[in-house]
Amino acid sequence: MSHPASTILSSLTYTPKFGNGLLICNKRRVLSMNMRNGNNKKRSEVSVGASERLYLGLDFGTSGARFAIVNNLGTIQAEAKRHYPLYSNGESRDWVRSWKETLFLLLEDIPLNIRKHIVSISIDGTSATTIIVDSDTGEPLWRPFLYNESCPEALPAVKSIAPPNHTVCSAPSTLCKLVSWWNRDGSNKKSALLLHQADWLLWLLHGKLGVSDYNNALKVGYDPEVDSYPSWLVCQPYYNLLPSVVAPGTPIACLKEELRNKFGFQKDCVVCTGTTDSIAAFLAAQATQPGEAVTSLGSTLAIKLLSNTRIEDSRFGVYSHRLDDKWLVGGASNTGGVVLRQLFTDDQLEKLSEQIDPSQISLLDYYPLPKAGERFPVADPDLAPRLLPRPENDVEYLHGILESIARIEAKGYGLLKELGATEVDQVFTAGGGAKNEKWTKIRERVLGLPVSRASQTEAAYGTALLAIKGDQQNIL
Ligand SMILES: Nc1ncnc2c1ncn2[C@@H]1O[C@H](COP(=O)(O)OP(=O)(O)O)[C@@H](O)[C@H]1O
Ligand SMILES: O=C(CO)[C@H](O)[C@H](O)COP(=O)(O)O
């Protein structure tokens, strides 16, 4: 069974290069948009060949969503990103409304002369972000469980049915979220269905309810090695809530007619299953050899190491996603950019980072977390943040935080080696932190490995590769 994007990666003969012209608009409109053409000059309108086929990848990350549009050579034609609008639903945030609005705003942001050339669409979302919906209408029955939300009260029940140290045996797992909802009084168990964030957003486009991919379904218990749910899960009373599962980048249906007519997409534009955001980042980096790894430095720190061996150990938050005949071994920490954003603006990060000497070891020893709770390389829902003592000098403070996050990254890769994964020999960086060259140097020193910025740092690019794969399957 091959991972859909791996054959795409091998067939890409063109390493896309692009300029960096940005069109910054006000908040209500697109946050930024790049439009390219083959020779990389930024244009207000990209000229598209009359018969050119374009591919749309949408990344729904932690802090915002982006799209990348590529041609069949992987050349970027357009990109844009938006922060999520803030809506509240009583005392909690209305994430579902934010995600849905952002999806259709991003579709509107695509220039019309590009939209009509898009023949395939895919979406990635944050892993284990879970929505329980009405199986008839697709409308959410409850608020979503976010990727980093823990349901420790469900852990004993999950541990009682799953094999020891299975991926689902961790409080933030999708299965713990499902069991937590199932055990709530008043849950409408009769017509309920579990979807992941990417599945639900894709359903808005194709209208076929109840389909997921084997990356998103990993943390509810799906086994990508045998391509089925395990028997210990099939016999559970909530089994019928689980979505059907296919490979990422599998065409599900054509874009709904009402959307085709509203936005001016191609008549036969297909909508394909997606993946998770850190796998999309791995696909974007186009790492193909065992030992190569991608660290996603987004709001969170997620590491993915291409390994010949599959490793699973929920005691440390380690699990493996399937990629072709190999495994993406890794985990996701709650540390990362979200802590930086709590303390500094992006401009401050840039100016303070310029003053850091990455060759100097920081003696400040922090564990930067946005709040209590860690998933990997320590799986502890009660682990407290450690960000004190704060020095007078913010350059010194930021240096200590960046170095402490690098130490967490190093601990993660060291743990994968101890557990038997292929040893890491090169790290590519994706996500917002990839632009910080001083941080890259600190990480090289702490990891003792070559660290570089991935050729494509946006997960949306990896998801656009899945859309290419879906178009090539011609199965609709
Ligand atoms: N120069 C920088 N150095 C380090 N981190 C940065 C820098 N600029 C932005 N970031 C961080 O990048 C993160 C956003 O990255 P992104 O990949 O968009 O996140 P996500 O997809 O998880 O929402 C923010 O948390 C921000 O703090
Ligand atoms: O941290 C996250 C959100 O950004 C996700 O948990 C991240 O996607 C890691 O999960 P996976 O390894 O399943 O992709």
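- Naming follows an unreviewed UniProt entry, where the chain appears as D-ribulose kinase of Cicer arietinum.
- UniProt annotates the chain under Catalytic activity (unreviewed entry) with the comment "D-ribulose + ATP = D-ribulose 5-phosphate + ADP + H(+)".
- Within the UniProt record for the chain, the comment given under Cofactor (unreviewed entry) is "a divalent metal cation".

## Brief notes about the pairing of strand S9 (residues 130-134)
- The buried fraction of S9 is high, at 5 of 5 residues.
- Here S9 pairs with strand S10 (residues 192-196) via 5 bridges, running antiparallel. Considered in S10, the bridge of Val133 is made with Leu193.

## Quick notes on the site of ligand 2
- In the region of ligand 2, 14 residues are neighbours, and Ser127, Thr276, Asp277, Ser278 and Lys304 sit closest.
- A distance of 2.6 Å separates an oxygen atom of ligand 2 from a polar side-chain atom of Ser127.
- At 2.6 Å from an oxygen atom of ligand 2 is found a side-chain nitrogen or oxygen belonging to Lys304.
- Looking at the shell around ligand 2, the elements that each hand over two or more residues are helix H9 (277-285) and strand S17 (319-323).
- Along the lines of polarity and charge, the residues of the shell around ligand 2 split into 3 nonpolar, 7 polar and 4 charged.
- No fewer than three residues from each of domain 1 (54-278 + 461-474) and domain 2 (287-454) sit in the shell around ligand 2.

## Quick notes on the packing of helix H2 (residues 95-109) against helix H6 (residues 197-206)
- At a minimum axis separation of 11 Å, H2 and H6 run at an interaxial angle of 50°. Accordingly, the angle class assigned to the pair H2 and H6 is oblique. Helix-helix and strand crossings are classified by hand; for H2 and H6 the assignment is right-handed. Across the interface between the two elements, Val96, Trp99, Lys100, Leu103, Phe104 and Leu107 of H2 pack against Gln197, Trp200, Leu201, Leu204 and Leu205 of H6.
- Along the lines of polarity and charge, the residues of the contact of H2 with H6 split into 9 nonpolar, 1 polar and 1 charged.

Parameters and conventions
Within every chain, residues take consecutive numbers counted from 1 along the sequence as written. A letter from A marks each chain and a number from 1 marks each ligand, given out in the order of writing. Local features in this predicted model are restricted to residues whose pLDDT is 70 or higher, and side-chain atom pairs enter the listing and the counts only when it is 80 or higher, whereas totals over whole chains, interfaces and linings include all residues. Remark: hydrogens and water are excluded; side-chain values derive from all non-hydrogen atoms of the structure. UniProt positions are given in the numbering used here, feature names are shortened, and annotations may be inferred rather than shown by experiment. Each residue is placed in one exposure class: buried if its accessible area under a 1.4 Å probe, protein chains only, is under 20% of its type's maximum, exposed if it is over 50%, and partly exposed if it falls in between. Helical segments are the DSSP runs of H or I of at least four residues, strand segments are the runs of E of at least two, and each set is numbered from the N terminus. Strands were regarded as paired on the criterion that DSSP finds at least two bridges between them. Any residue with a heavy atom positioned within 4 Å of a molecule or strand is treated as near that molecule or strand. The term polar contact refers here to a pair of N or O atoms within 3.5 Å; inside protein, the definition further demands a hydrogen-donor-capable atom paired with an acceptor-capable atom, and it admits residues adjacent in sequence only when both atoms are side-chain atoms. Asp, Glu, Lys and Arg are counted as charged, while Ala, Val, Leu, Ile, Met, Phe, Trp, Tyr, Cys and Pro are counted as nonpolar; the rest, among them Gly, fall into the polar class. Residue ranges for the domains trace back to a domain assignment, done automatically or taken from a database. To obtain an axis, a line is fitted to C-alpha atoms, over the contacting stretch when the element is a helix, and the angle between two such axes runs from 0 to 180 degrees between their N-to-C directions. For this classification, under 35 degrees means roughly parallel, over 145 means roughly antiparallel, 65 to 115 means roughly perpendicular, and everything else is oblique. Handedness of a crossing follows from how the near helix is turned relative to the far one, being left-handed for an anticlockwise turn of less than a right angle and right-handed for a clockwise one. Throughout, a contact is declared for two residues whenever any of their heavy atoms are within 4.5 Å.

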